Amino acid sequence: MKLELNNRQQQVLWATVRHYVATAKPVGSGALIDEFNLNVSSATIRNAMGRLEKAGLLYQPHTSAGRVPSDSGYRIYVDHLIQPSDAIARQVDQLLSDQLSLESCSFEALLRHAAQLLSNISGYITLVTMPQARTACLRHIQLVQVDTRRIMMVVVLDCYETQSALITLPQNDDAPTDPESLDRELQILSNFLTQHLRGRSLGDLSSLDWSELGREFEQYASLLQSSLTALKQRSQTPIPTQLLVSGVAEVLRRQPEFSELQQVQTLIQLLEEEQEQLWPLIFETTDPQSQQRVVVRIGSENPIKPMNTCALVSATYQRDNVPVGSVGMLGPTRMVYEDAIALVESAADYLSDVMSQAS
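Residues numbered from 1 in each chain as written. Predicted model: local features only at pLDDT ≥ 70, side-chain atom pairs only at ≥ 80, totals over all residues. Heavy atoms only, no water.

### Some words on the overall build of the protein chain
Logical step 1: Across its full length, the protein chain carries 12 helices and 10 strands.
Logical step 2: Taken across its 359 residues, the protein chain has 46% of its residues classed as buried.
Logical step 3: Of all intrachain contacts in the protein chain linking residues separated by at least 6 positions in sequence, the fraction that spans at least 24 positions is 61%. (Helix = DSSP H or I, 4+ residues; strand = E, 2+ residues; numbered from the N terminus. Buried < 20%, exposed > 50% of the residue type's maximum accessible area, 1.4 Å probe, protein only. Contact = heavy atoms within 4.5 Å.)

### Overview of the pattern of salt bridges
Logical step 1: Enumeration over the complete set of coordinates arrives at 11 salt bridges.
Logical step 2: With a shortest N-O distance of 3.8 Å, E338 and R18 are connected by a salt bridge. One end of the pair, E338, is in helix α12 (residues 337–358); the other, R18, is in helix α1 (residues 7–23), with 320 residues separating them in the sequence.
Logical step 3: Owing to a relative accessible area of 36%, R18 belongs among the partly exposed residues under this scheme.
Logical step 4: Between R334 and E257 there is a salt bridge, and its shortest N-O distance comes to 2.5 Å. Residue R334 is found in the loop between β10 (322–332) and α12, and its partner E257 is found in the loop between α9 (248–254) and α10 (261–273); the two are separated by 77 residues along the sequence.
Logical step 5: Given a relative accessible area of 23%, E257 falls into the partly exposed group. (Salt bridge = Lys/Arg side-chain N within 4 Å of Asp/Glu carboxyl O.)

### Structural notes on the side chain of S246
Logical step 1: For S246, the position within the fold is in strand β7 (residues 243–246).
Logical step 2: The exposure class assigned to S246 is buried, which follows from its relative accessible area of 8%.
Logical step 3: The contacts of S246, once residues within four sequence positions are left out, are A115, Q116, S119, Y124, I125 and T126.

### Overview of unusual backbone geometry
Logical step 1: Unlike most non-glycine residues, N37 shows phi in positive territory, near 50 degrees.
Logical step 2: The phi dihedral of N39 falls on the positive side, at around 60 degrees, and the residue is not glycine.
Logical step 3: Topologically, N39 is positioned in the loop between α2 (29–36) and α3 (42–54).

### Overview of helix α7 (residues 179–197)
Logical step 1: The terminal C-alpha atoms of α7 lie 26 Å apart, and with 19 residues this matches the ideal 27 Å at 1.5 Å per residue to within 8%.
Logical step 2: Among the residues making up α7, those that are buried are S181, L182, E185, L186, L189, S190, F192, L193, T194, H196 and L197.
Logical step 3: One or two steps after α7, the chain reaches G199, where phi turns positive at roughly 80 degrees. (Expected span 1.5 Å × (residues − 1).)

### A few points about the nonpolar core
Logical step 1: Ranked by internal contacts, the top residues of the largest apolar core, which has 63 residues, are L13, L32, Y317 and Y337.
Logical step 2: If one sorts the elements of this core by residue count, α12 sits on top with 12 residues.
Logical step 3: Those residues in contact with L13 that sit more than four places away from it in its chain are L5, L52, L57, L58, G73, I76 and L81.
Logical step 4: Ranked by size, the runner-up nonpolar core spans 21 residues in total, among them V155, F192, L197 and L228. (Core = buried A, V, L, I, M, F, W, Y, C linked by side-chain atoms within 4.5 Å.)

### So, helix α11 (residues 275–282)
Logical step 1: Where α11 is concerned, the buried positions are L278, W279, L281 and I282. The buried residues of α11 occupy an angular sector of 165 degrees when the element is viewed end-on, so they sit on one face.
Logical step 2: Packed against the buried residues of α11 are β3 (125–129), β7, α10, β8 (295–298), β9 (310–319) and β10. (Arc of directions from axis to C-beta.)

### Focus on the sheet that holds strand β5 (residues 150–157)
Logical step 1: With antiparallel pairing, three strands are arranged side by side in an open sheet as β4-β5-β6. A single partner strand is all that each edge strand has here, and the edge strands are β4 (138–145) and β6 (162–168). Within this sheet the neighbouring strands show an average axis-to-axis angle of 20 degrees, counted without direction. (Pairing = 2+ DSSP bridges. Axes fitted to C-alpha atoms, helices over the stretch in contact; angles between N-to-C directions.)

### A few points about the pairing of β8
Logical step 1: Here β8 shows two buried faces, one formed by V295 and R297 and the other by V296 and I298.
Logical step 2: Summarising the sheet, β8 and β9 pair through four bridges and their orientation is antiparallel. Pairing of I298 across the sheet is with A311, part of β9.

### Some thoughts on the packing of α1 against helix α4 (residues 71–81)
The angle between the axes and the distance between the axes are what describe a pair of packed helices.
Logical step 1: Packing of α1 against α4 brings their axes to within 10 Å, and their N-to-C directions diverge by 110 degrees. Overall, the two elements α1 and α4 adopt an arrangement that is roughly perpendicular. Residues Q10, L13, W14, V17, R18 and Y20 of α1 pack against G73, Y74, I76, Y77 and L81 of α4.
Logical step 2: Here the residues of the contact of α1 with α4 sort into eight nonpolar, two polar and one charged. (Parallel < 35°, antiparallel > 145°, perpendicular 65-115°, else oblique. Nonpolar A, V, L, I, M, F, W, Y, C, P; charged D, E, K, R; others polar.)

Everything listed is a geometric property; what it means functionally is a separate question.
Encoded structure:
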């Protein structure tokens, strides 16, 4: 069920999160009135906080304490009540441009410096993946007749990995009915696809000009294109690369949530010894049609237990519009999300520019 908050409840939730993020202390109605000039009575604020608590967006850690945001409360705050900080975005973009350059260091060194810079600014742990060693490129395509209605498309990639897809042909009066004619057409199509895609990413299939083949091959175009798209998606499963970690000391020093020894030990073990669990979360990509480039996982949304009290903000950087690496920020759920989102997005944009210049 979709949760509907009125303007007052949104205002109180926003103020509660802002106060708790700044102080790490449960929030009462009086503190919100004093700090945010809400121009309403304490009873009105208490009523709104009570409704937010019933909705599961706030909770009381102790009976006599004020409220603190829940994971669901932070989710509403991130999705609907804030915008990334333009000031922080401009600051990190300027710092990265001024201090880092491929002319003076290797790309790995540049990533390490970028991670350290982001940790120093934010006070959170920064996670940066090294770029993918390769994207799947095509070596050969062969279309093979199975019967008069079905063909098999066999794709050989540059790593000699082989993938295949079974394609059912539509009923068409102009289609060849005898096996020899179909074989000839399939060979022409195989040669066309291999010639135009060899050495290129399967992502380049959209640039194919099917008109070069003539009208008699139009019936194959959409079928082959959809099959190649499916194979592209299958072949683009990211391959884990080295994960650079920076800022553990910063988060221990600046974030009270990490003062418990047991929690810190499990988190550090995850970062140092179990990165294969963490890597897929950092490299998570958004829907290409989405306007939201940054992925935010809050508390229990993280599937790994040591991260259930943490927030992870991440975005991918790209080479030629293909995601090849990622920038992530790990901290407490009591995170300054508008700053963290801006930092991660700006850093990902900067690294994408660097990758484009280097390619």
